[in-house]
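Chain residues, written in single-letter form:
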Amino acid sequence: MFRVGSKAACLACRNLVSTNMGVRFRVPLQKLHPLSRAIHHRYSGNTNPQRAPHRTAARYFTSMSRLPMRQPKPSPGSGGRNYQQQRGFWVARLAARLLKLRYILLGTAVGGGYTAKKTYEEWKDMFPDLSEYNWVIPDFVWELSEQIDLDKIAKALPEMEEIAKLLPDFDKIGENFTFLKSLLSSETTSDPQLKATDTPTTVMQESSEKQYKKGLLGELILIQQQIQRHEEEVRRAAEATKARPPPPEPAPIPPPSPSPPQQKRKSSDKEKIDQLQEELLRTQLKYQRMLERLEKENKELRKVVLQKDDKGIHQRKVKKSLIDLYSEVLDILSDYDSNYNTQDHLPRVVVVGDQSAGKTSVLEMIAQARIFPRGSGEMMTRSPVKVTLSEGPHHVAMFKDSGREFDLNKEEDLAALRHEIELRMRKSVKEGQTVSSETISLSVKGPGIQRMVLVDLPGVISTVTTGMATDTKETIFSISKAYMQNPNAIILCIQDGSVDAERSIVTDLVSQMDPQGKRTIFVLTKVDLAEKNLASPSRIQQIVEGKLFPMKALGYFAVVTGKGSSAESIDSIKDYEEDFFQNSRLLREGMLKAHQVTTKNLSLAVSDCFWKMVRESVEQQADVFKASRFNLETEWKNNYPRLRELDRNELYEKAKNEILDEVISLSQVTPQHWESILQKKLWERVSTHVIENIYLPAAQTMDSGTFNTTVDIKLKQWTDKQLPHKALEVAWETLQEEFARFMAEYKGKDQDDIFDKLKEAVKDESIKRHKWNERAMDSLRVIQHNALEDRSITDKPQWDAAIQFMEETLQSRLKDTESVIRDMVGPDWKERWMNWKNRSPEQHIRNETKNELERLLKLHDEHTAYLANDEVTTVRKNLEARGVEVDPILIKDTWHQLYRRHFLQKALSHCNLCKRGFYYYQRHFVDSELECNDVVLFWRIQRMLGITANTLRQQLTNTEVRRLEKNVKEVLEDIGEDSEKKTQLITGRRVQLAEDLKKVREIQEKLEAFIEALHKEK
């Protein structure tokens, strides 16, 4: 047991440990128990001597802080017994001391643990409660932390060794370049004369070689410089040979034969030239092969990187590529028709050429897939096809308005793509036409494809053949000019090399649109056939150098697009093209340069030219659209300051909702309103038939039995043939009128007049499509027949209602009859005196006839409805006696109206008598001279009208209104899908202005996004 001396640094430790316990020696504080050091550091930090020491500190940590009091030692003279007792128990005292030390250590350990725990809790309480701020962290973070297994992700990551295997072997590439460099240097130094003649250029080239001495790019540049050096040496050698004059030849003496040294010198110069040309060709081919190999390795590496990025573990936000942003702008511009003459001057590559010149084949070689339909000699490209080329991990194609991806590595997808393009072309061509100006938009992505936008146009023709429209030639010219007149469009002029150059049509057209050739690239196709068929290959050189055609161009290229078979693949065509140019005398004899051949070099050159034109012109075009947007917004603010800018689609949706609300309001019409309208309109429709064909003929009978029989027969005939059909017509007309009424009432509530055409068209088309249920007519016929069969009037109110209905009907008819008679006889004496009117001669005759016939009716009050012939003769003679010549037909017409008035007046007086006849009706008119069968007839008609109106109302509210609403929805959906009809029905300057504003804003925003991405790429 160790004992701590007086050098303990803290008073707490001194109080805990006694100075005279155990062995005494000094122990530094650093060697104390960690718990004691913790206690010391916490409570011994006060170094101020004025402050009292923390004596009670140990009480917090142990119960042994107050030790038991020791008994004092006995004095030596106190007696030996006690001393012996104490001496005899030294073992017990030693054990007690040891036990005390154990308790001290145990208490110290317990107190130290409690102190450490309390210290931890105090520190823990000092920290704020961060659980309240869990809402700051998004929910998907907690979900990801639960779902993502970080161990699996770490195992799925590729190792650095695997990535290194994917990279090309740069050591081998460097060795190849070193070998090629040594080969070229040895070939160059093999001719000391040529080297000595070009010392300054050699020094400059050596200095440039030092600049690019290291690196893969330096090796490529060095090879290119050596190729240029070989070309310069060949050119100088050829010029030296031509410049050497031949030896003089005297006239009289025959020319002497050249000396052997001169012949040897000439042959050696020619051999050197041939040797240099062969070396130059070999160097160019090696250079081309090396570039292709490096490009292939780069293509594979980029494909792997794009696949890793596309299928990465961390899903990134989908970001459109630069060329996709630009293509979207062109798609919007193709549909934009501005009234402010804001023309589309954004760059694109326009592919033009004569028919069957190989335009489509060149485009397929650039796109690296056989994507277009093919035909032997016939026109296949019937509309412009915009192809957006971009780089991607997979070789796929997709239409702008479709989500389907065509895998261009699969033959079945290629066939489906060609078929779809052909269908879209034929669909875009209107009836009676051969070509169309409607653009088909297609995007193609794949590894190693150059980014650009190309437009394949229909081939230019010289003659319209059978089956074509008469204006096909002019239409193709107008489409081609519309695309080529864009000052920033790059014209890719395709010329067939296998036919005579004089037969070309497209070159003259291109010369008109681009006289200076600042944006034209000339491509000569089918060079293999041209070399085989032409007797003079120098003609091809003249074409490629721009000396044969009057047109000018930025660059000239010669390509081979296969052997003419549609079954050839792109890879086989590339191999055939490469083999042809390697063995062609055109390259071997220097007629063509290496950078002027193959579609690969062509696509690189076109892509560079395209992006150069884009960078030069896109910001200027953005400013043009910004100015157009300002003009349109100013016009809107001045003309429509309180209206929102709603385009045609938004206005259509607004009108659609209004029309549907109006249709729904039909279901809110009360049943009483429906029945009153239906009953009124139905009686207006059938009242003439009831009075003229049923009531009047039956009233001419002499007794009640004959009257009732005649009424029953005529009612049965009417019900079977006419009445149900008339009732359905009335119901359908009522539904239309109510629908129109609701639309007119809704129009008064802030209705926009711009919807009038649309609403009228929807109403007419819905009514045209609506057909009443045919089974309703049969059921309605049975109901009406049963209603007319019932003759029972149960109470006095029903009797009074029938009399009132009869009285109103007869008064209305009497009023109409008196109006007709008044028109026949002209004004009476009051009107003549008051209004200064006179009767016409015909009216005078009518008036005299009327007076004569009225005297006849007074004499025979119960006269029948028709005049007898002798009565007609009597009336005519009486009129002739007064000097009035009258025709018998006029007498009968006048009698008809007079008798009608007489009958209606008698019927009204009889109706007044029948008001008190309900009692006699209940007794079946027994023992009564009063007969009111006509009141029963009108009761039967009135009851039939009420029942019919109720039946029609139920059918309207339960069936027909819903069917009409369904028809309206179908009509609205059909109009919504037909953009042309929508344009016809929603018109006006306000609509067009909103459409232009929407398009211009969209174009400007996308152009700004494209420009921002373009600057970032720089």
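Here the structure is shown first, and the text comes after it.
Peer 1: When you look at the packing of aromatic side chains in this model, what are you seeing that I'm missing?
Peer 2: Each aromatic ring pair is characterised by the separation of its centres together with the angle its planes make. Applying the stated criterion to the full structure yields 14 aromatic pairs. Centroid distance F522 to Y556: 5.8 Å. Interplanar angle 50 degrees. Geometry classified as tilted. Of this pair, F522 sits in strand β10 (residues 520-525) while Y556 sits in strand β11 (residues 555-558), and the two are 34 residues apart along the sequence. Relative to F1010, the ring of W611 has its centre 6.5 Å away and its plane inclined at 25 degrees; by these criteria the two rings are stacked. A residue pair is termed long-range when its members are at least 10 positions apart, and W611 in helix α22 (residues 599-639) and F1010 in helix α37 (residues 989-1017) qualify at 399 residues. F1010 gets classed as buried once you look at its relative accessible area, which sits at 0%.

Peer 1: So what exactly am I meant to see when it comes to a negative patch on the surface here?
Peer 2: On the surface, E970, E973, E977, D978 and E980 cluster together into a patch of negative charge. Here the negative patch takes three residues from helix α35 (residues 933-977), the largest share from any one element. In this structure, D978 sits in the loop between α35 and α36 (979-985).

Peer 1: Can you walk me through the packing of helix α25 (residues 704-721) against α35 in this structure?
Peer 2: If you want to describe how two helices pack, look at the angle between their axes and the distance between the axes. Here α25 crosses α35 at 20 degrees, and the two axes come no closer than 10 Å. Judged on the interaxial angle alone, α35 and α25 are roughly parallel. Pair α25 / α35 crosses with right-handed handedness. The segment α25 lies against α35, with S704, F707, N708, V711, D712, L715 and W718 engaging N933, D934, L937, R940, I941 and M944. Across the contact of α25 with α35, the residue classes break down as seven nonpolar, three polar and three charged.

Peer 1: Got a minute to help me understand unusual backbone geometry in this structure?
Peer 2: Backbone phi values are negative for most residues with the exception of glycine, while trans is the configuration of most peptide bonds. Notably, Q368 is not glycine yet its phi reads approximately 65 degrees, a positive angle. Note on placement: Q368 falls in the loop between α14 (359-367) and β4 (385-391).

Peer 1: I tried to follow helix α15 (residues 411-428) on my own but got confused; where do I start?
Peer 2: Three or four residues apart is the spacing at which side chains of an α-helix point the same way, because the helix has 3.6 residues per turn. Compared with the 26 Å implied by 1.5 Å per residue over 18 residues, the 26 Å span of α15 between its first and last C-alpha is a close match. Taken together, the buried positions of α15 are occupied by D413, L414, L417, R418, I421, M425 and S428. Buried residues in α15, looked at end-on, bunch into an arc of 140 degrees, giving them a common side. Facing away from the buried side of α15 by more than 90 degrees, the exposed set consists of E412 and K427.

Peer 1: It is not clear to me how the nonpolar core should be interpreted in this structure. Could you clarify?
Peer 2: In a soluble, globular protein the nonpolar side chains are often hidden away together inside. The biggest cluster of nonpolar side chains holds 98 residues, and the ones touching the most others in it are Y695, W718, W799, I941 and V968. Per-element tally for this core: the top contributor is α35, with 17 residues. Ignoring any residue separated from it by four or fewer positions in sequence, one finds W718 in contact with V686, H689, V690, I694, L723, I941 and M944. Judged by nonpolar contacts, the second largest core, of 59 residues, contains L389, A397, I521 and V614.

Peer 1: Teacher, can you tell me more about the side chain of E738 here?
Peer 2: Structurally, E738 is set in helix α26 (residues 723-747). A polar contact is formed between the side chain of E738 and the side chain of R741, at a distance of 2.5 Å. Setting aside anything within four residues of it in sequence, one finds E738 in contact with L666, H673, W674 and I677.

Peer 1: It is not clear to me how the pairing of strand β8 (residues 452-456) should be interpreted in this structure. Could you clarify?
Peer 2: Strand residues, when the strand is regular, have side chains that alternate between the two faces of the sheet. With five of five residues buried, β8 lies mostly within the body of the structure. Side chains M452, L454 and D456 of β8 all project onto a buried face; the interleaved residues V453 and V455 project onto the opposite face, where all are buried too. By the bridge criterion, three bridges tie strand β3 (residues 349-353) to β8 in an arrangement that is parallel. What sits directly across from V350, in β8, is V455. Where β4 and β8 come together, five bridges link them in antiparallel fashion. Its bridge partner being in β8, V387 is matched across the sheet by L454.

Peer 1: Mind showing me how you'd approach the pattern of salt bridges here?
Peer 2: Pairing between side chains of opposite charge can happen when their charged atoms approach one another. Scanning the model with the defined rule gives 42 salt bridges in all. Here R418 ties to E411 by a salt bridge, and the two come within 3.2 Å at their closest N and O atoms. You can call R418 buried: its relative accessible area is 19%. The partner of E733 in a salt bridge is R685, and the shortest N-O contact between them spans 2.6 Å. With a gap of 48 residues between them, E733 in helix α26 and R685 in helix α24 (residues 671-699) connect regions that are remote in the sequence. Take E733: its relative accessible area is 29%, and that puts it in the partly exposed class. With a relative accessible area of 32%, R685 lands in the partly exposed category.

Peer 1: Help me understand the state of the cysteines in this model?
Peer 2: By definition, a disulfide links the sulfur atoms of two cysteine residues through a covalent bond. Inspection of the entire model under this criterion finds one disulfide. Across a sulfur-sulfur distance of 2.1 Å, C914 and C932 are joined as a disulfide pair. Taking the torsion about the S-S bond as the criterion, the C914 to C932 disulfide, at about -100 degrees, is left-handed. Highlighted residues: C914 in the loop between α33 (888-913) and α34 (918-922) and C932 in the loop between α34 and α35, separated in sequence by 18 residues. Looking at C914, the relative accessible area reads 0%, which means it is buried. Relative accessible area serves as the criterion here: at 0%, C932 is assigned to the buried category. Here C911 is not disulfide-linked; the sulfur of C914 is the nearest cysteine sulfur, at 6.7 Å.

Peer 1: Which parts of the structure should I look at to understand the environment of Q700?
Peer 2: With respect to the helices, strands and loops of the structure, Q700 is situated in the loop between α24 and α25. In this structure, the C-alpha to C-alpha distance between Q700 and A865, residues 165 residues apart in sequence, is 7.5 Å. Beyond its immediate stretch of four places on either side in the chain, Q700 contacts T864, A865, Y899 and F903. Within the local environment of Q700, its side chain forms a polar contact with the side chain of Y899, the two groups lying 3.1 Å apart.

Quick notes on the rules
Starting from 1, residues in each chain are numbered consecutively following that chain's sequence as written. The predicted origin of the model limits local features to residues at a pLDDT of at least 70 and limits the giving and counting of side-chain atom pairs to 80 or more, whereas totals for whole chains, interfaces and linings rest on all residues. With hydrogens and water stripped out, all remaining heavy atoms of the structure feed into the side-chain values. Pairing of aromatic rings covers Phe, Tyr and Trp, the last counted by its six-membered ring, and requires centre-to-centre distances within 6.5 Å; plane angles under 30 degrees mean stacked, over 60 mean edge-to-face, and any other angle means tilted. In this text, helices come from DSSP runs of H or I with a minimum length of four residues, and strands from runs of E with a minimum of two, each type numbered from the N-terminal end. Three labels apply to residues, based on accessible area from a 1.4 Å probe with only protein chains included: buried if under 20% of the type maximum, exposed if over 50%, partly exposed otherwise in between. Patches were defined on residues exceeding 30% relative accessible area and lacking a salt bridge, with like-charge contacts within 9 Å and nonpolar side-chain contacts (Val, Leu, Ile, Met, Phe, Trp, Tyr) within 5 Å. To measure how exposed things are, a 1.4 Å probe is used in the Shrake-Rupley method; for residues, cover is taken only from the protein chains shown. Salt bridge, as used here: a side-chain nitrogen of Lys or Arg that lies within 4 Å of a carboxyl oxygen of Asp or Glu. Asp and Glu are treated as the negative residues and Lys and Arg as the positive ones, with His and the ends of the chain left uncounted. Each charge is placed at NZ for Lys, CZ for Arg, CG for Asp and CD for Glu. Fitting a line to C-alpha atoms yields each axis, with helices limited to the stretch in contact; the angle taken between N-to-C directions then spans 0 to 180 degrees. Convention used here: angles under 35 degrees read as roughly parallel, angles over 145 as roughly antiparallel, angles from 65 to 115 as roughly perpendicular, and any remaining angle as oblique. Note on convention: the crossing is left-handed when the near helix lies turned anticlockwise from the far helix by less than a right angle, right-handed when the turn is clockwise. Contacts are assigned to residue pairs with any non-hydrogen atoms lying within 4.5 Å of each other. Classification convention: Asp, Glu, Lys, Arg as charged; Ala, Val, Leu, Ile, Met, Phe, Trp, Tyr, Cys, Pro as nonpolar; all other residues, Gly among them, as polar. Here the expected length of a helix is defined as 1.5 Å per residue gap, with one fewer gap than residues. As used here, the arc is the angular range of directions from the helix axis to the C-beta atoms. In this text, buried Ala, Val, Leu, Ile, Met, Phe, Trp, Tyr and Cys residues form a nonpolar core when linked through side-chain atoms within 4.5 Å. As used in this structure description, the phrase polar contact means that two N or O atoms lie within 3.5 Å; if the pair is within protein, one of them must be able to donate a hydrogen and the other to accept it, and residues adjacent in sequence are counted only when both atoms belong to side chains. Strand pairing is assigned whenever DSSP detects at least two bridges linking the two strands. Put simply, a disulfide is two cysteine sulfurs that come within 2.5 Å.

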